[in-house]
Amino acid sequence: MGCEDNSMPTILARAWRSLDRHGSLLVFRLALTALLVGNSGCDPAPPPQTPQLPLHSTAAQPIADAAPTVIGLPPSVGGPPGYVTSDSCRECHTNEHSSWHASYHRTMTQPVTAQTVLADFNQVTLETGGERFTLSRTNDEHWVAIEDLEELATTPQGQQPPPPVRVRLAMLTGSHHMQVFWLPAGFGNAQIGFPFTWLVHDQRWAPRNSVFIRDPNAPPPVETWNMSCIRCHVTAGQPRPRPEQEIFETRVGEFGIACEACHGPGENHVQAMRQFAETRRSQPQTPKPADLAISHPARLDHVRASHVCAQCHGMKWFDRHEGWTEDGFRYRPGDDLETTTPIIRPSRINDQPWVQAILQKQPQLFREFFWDDGMIRVAGREYNGLVETACFQRGKMSCLTCHSLHEFDTPDDQLRPEAKGDRICFSCHQEAQFATPTHTHHPAGSSGASCYNCHMPHTTYALLKGIRQHQIDSPRATTTLTTGRPNACNLCHLDRSLAWTAEKLREWYQHPVPSLGPEHHTVSAAVRHLLSGDAGQRALLAWHMGWEPALKTSGSEWQPRLLARLLDDPYPAVRYIASKALRQYPDWSTLDYDFAGDTESQRAARNLVQAKTLPVTTADNARRQALLLNIDGRTDETAASALESTRDQRPMHLRE
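Description of the structure in this document. These numbers were taken from a predicted model, which means no experiment stands behind them. (Residues numbered from 1 in each chain as written. Predicted model: local features only at pLDDT ≥ 70, side-chain atom pairs only at ≥ 80, totals over all residues. Heavy atoms only, no water.)

Our next topic: the nonpolar core. Of all hydrophobic cores here, the largest spans 70 residues; its most connected members are Ile 213, Tyr 461 and Leu 464. The leading source of residues in this core is helix α25 (residues 572–582), at seven residues. Dropping the residues within four chain positions of it, Leu 464 is found in contact with Met 178, Leu 199, Val 211, Trp 543, Ala 573, Tyr 576 and Ile 577. If you look at the next biggest cluster of nonpolar residues, it comprises 41 residues, including Val 70, Phe 121, Met 171 and Trp 205. (Core = buried A, V, L, I, M, F, W, Y, C linked by side-chain atoms within 4.5 Å. Buried < 20%, exposed > 50% of the residue type's maximum accessible area, 1.4 Å probe, protein only. Helix = DSSP H or I, 4+ residues; strand = E, 2+ residues; numbered from the N terminus. Contact = heavy atoms within 4.5 Å.)

What follows deals with the sheet that holds strand β5 (residues 124–128). Strand order in the open sheet formed by five strands is β2-β8-β7-β6-β5, with mixed pairing between adjacent strands. Each edge of the sheet is formed by a strand with only one pairing partner; in this case those strands are β2 (69–71) and β5. For this sheet, the mean inter-axis angle between neighbouring strands, taken without regard to orientation, is 20 degrees. As paired strands, β5 and strand β6 (residues 131–138) are joined by five bridges and run antiparallel to one another. Opposite Leu 126, over in β6, you have Phe 133 as the bridge partner. (Pairing = 2+ DSSP bridges. Axes fitted to C-alpha atoms, helices over the stretch in contact; angles between N-to-C directions.)

Glancing now at the environment of Leu 126. Mapped onto the elements, Leu 126 comes out in strand β5. Overall, Leu 126 belongs to the buried group, its relative accessible area being 11%. C-alpha separation for the pair Leu 126 and Trp 205, spaced 79 residues apart in sequence, amounts to 8.3 Å. Not counting residues up to four positions away in its chain, the partners in contact with Leu 126 are Glu 131, Arg 132, Phe 133, Leu 135, Phe 194, Phe 196 and Trp 205.

For the structure on display, the rule yields 32 salt bridges. Here Arg 240 ties to Glu 326 by a salt bridge, and the two come within 3.8 Å at their closest N and O atoms. One end of the pair, Arg 240, is in the loop between β13 (234–235) and β14 (241–242); the other, Glu 326, is in helix α8 (residues 324–327), with 86 residues separating them in the sequence. Overall, the relative accessible area of 30% leaves Glu 326 in the partly exposed class. For Asp 409, the salt bridge identified is with Lys 420, shortest N-O distance 3.8 Å. Taken together, the residues Asp 409 in the loop between α13 (399–402) and α14 (431–434) and Lys 420 in the loop between α13 and α14 connect sequence positions eleven residues apart. Connected via shared salt-bridge partners are Arg 240, Arg 242, Glu 249 and Glu 326. (Salt bridge = Lys/Arg side-chain N within 4 Å of Asp/Glu carboxyl O.)

Cis geometry is found at the peptide bond from Gly 79 to Pro 80, where omega equals -5 degrees. With respect to the helices, strands and loops of the structure, Pro 80 is situated in the loop between β3 (76–77) and α2 (87–90). For Gln 414, which is not glycine, the phi dihedral falls at a positive 50 degrees. Inspection of the secondary structure puts Gln 414 in the loop between α13 and α14. Located in the positive-phi region is Leu 463, a residue other than glycine, with phi close to 55 degrees. The topology assignment puts Leu 463 in the loop between β19 (460–462) and β20 (465–467). Leu 463 gets classed as partly exposed once you look at its relative accessible area, which sits at 32%.

For the structure shown, the criterion picks out 18 aromatic pairs. Here Phe 121 and Phe 181 contribute two aromatic rings whose centre-to-centre distance is 5.4 Å and whose plane-to-plane angle is 65 degrees, an arrangement assigned as edge-to-face. You can see Phe 121 sitting in the loop between β4 (109–111) and β5 and its partner Phe 181 sitting in strand β10 (residues 178–184), a full 60 residues away along the chain. No difference in accessibility class separates Phe 121 from Phe 181, as the two residues are buried. Seen in terms of ring centroids, Trp 543 and Trp 547 are 6.3 Å apart; in terms of plane orientation they differ by 25 degrees. Their pairing is stacked. We note that Trp 543, like Trp 547, is buried. One aromatic cluster in this structure is built from Phe 121, Phe 133, Phe 181, Phe 194, Phe 196, Trp 198 and Trp 205. (Phe/Tyr/Trp six-rings, centres within 6.5 Å; stacked < 30°, edge-to-face > 60°.)

Let's shift gears to the pairing of β10. Across the seven residues that make up β10, a large majority, seven, are buried. Neither face of β10 is left uncovered, since the one carrying Met 178, Val 180, Trp 182 and Pro 184 and the one carrying Gln 179, Phe 181 and Leu 183 both have all their residues buried. Bridge count for strand β9 (residues 171–173) against β10 is three bridges, and the pairing is antiparallel. Bridge pairing links Thr 173 to Val 180 in β10. A loop of four residues connects β9 with β10, the two strands running antiparallel in sequence, and Gly 174 in this loop sits at a positive phi of about 95 degrees. Bridge count between β10 and strand β11 (residues 191–199): six bridges; the pairing is antiparallel. In the sheet register, Pro 184 faces β11, and the bridge partner there is Gln 191.

As structure tokens, then:
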């Protein structure tokens, strides 16, 4: 992620409709909106300009008396200088190439082929925004036929409706949780977002805007791959907009996150090693060159090693002087990232005057990325958490302490084998002191005794789930009260109040108890966040109500009725997470519900769950109050509605 302090060149949109007089107006608007290439970082984009439509498209010509067809070009592979692609590495580094090839980094951006596409293109029909999209596959080609529903409905009787615009897909992003597809726009190799996303684990299509926490009342944001995703989802991307010709000439060193993304351009290294091999044939005693002309992250100090990851996994700032749109970013592995694209750090805002200039233009910016104390709240920016951690600042902890691109058991998180569990922590912190109930106040081996669960709870959000924070800290009731960030104690003890947590932390660690209102003494902190929090807080708490350690700790009989209240939440992503958590309860594992469906059916599902969930039996009056239960074990509607009436309704856009 990057934030810019300038307005990027605007390319006047030419529409697919220019291919043929029968083109769709909505298709035209889609192309117009998506290709207004302004700042896709921290500055608002410049106002749209009126497009000057050419008489003929230079990218694809219509077939006479047939549907207009767009066969666009993907970005080309072949730059910047010095990049030779991962194929050049395989000969000597077979094992490393193999482990990288098994990772999700490799498949971050790929061409659309029968081998790379996980989504269903078997004559699938999707509708959104007044358009119909029919997906099909012919051999290795994947097509989208786009129709304007209003045009179809208003075609006079007896006349042929306009044919659909047929677009052949060339490029996709992702293979782990989601697959995003890109539509060639018809000028240069510009790519705009297809308005549906394939959810890999759910095996379904979903409207693109529904899988993010975005203000449901705001128009979908501009998604132009050439100016946004290119920053991190390929190796050595160069957008190369050409405003005068109204095209993009984008090129990349390689699709996906490949060898040279972490090791730097390989041309000099390949030449040096080939020369060494040639010399050694005639002079076997020739030593290996001292300078291998390549960067090895594991041999860098912990700061520079982490910068290799931070070039993508950090929220960085750059301005027009960086010149990245033409040449790509200047940073190369082994460099000091702070000299070219410094990391935005709210904790150092007085030392970063350029951040203050950005905030004057976009005062909501920090809320889209950070909690109120400056801790990052969206995943994909893990370095922003690490850099604020004492283990990094006063020790030598780096990204490579826990993660490896070549030594991992599973590509899911690419954790080093020894990083599973608490062993990494005990390489610095004395196990005899910290791995005991005297310190943890939980039984050995329990989820509450885990270093991770207490010091790296799931308080960052992305990909429709909670993700572990990478700023290592300790749970504090005061922090929850002042920032709204749920603490580790209440994310496991879902049935306990913030006052309960404050008292335990006072008893165990001598933390001062903050001044708490009566509502923090009676109602569970998790329930409060679930019903009255902002969209991000609601999403995190809904996710934790499906998290196994929390259910073992807090019981699993009382959550369904509360989760049901989110089935008609205004944010589709919140609805998705609530329904997924709800389906983990045996009685609701087959719940018929579509988070992207119509409001009426969602409310019907909410009412069904609330009516059919069995009452919770408890004689504990304090527990009933904490969980908003009546004496009969059902939800106290008056109390729950009162809490919902205090919900944080500010529009939210978490920019993962």
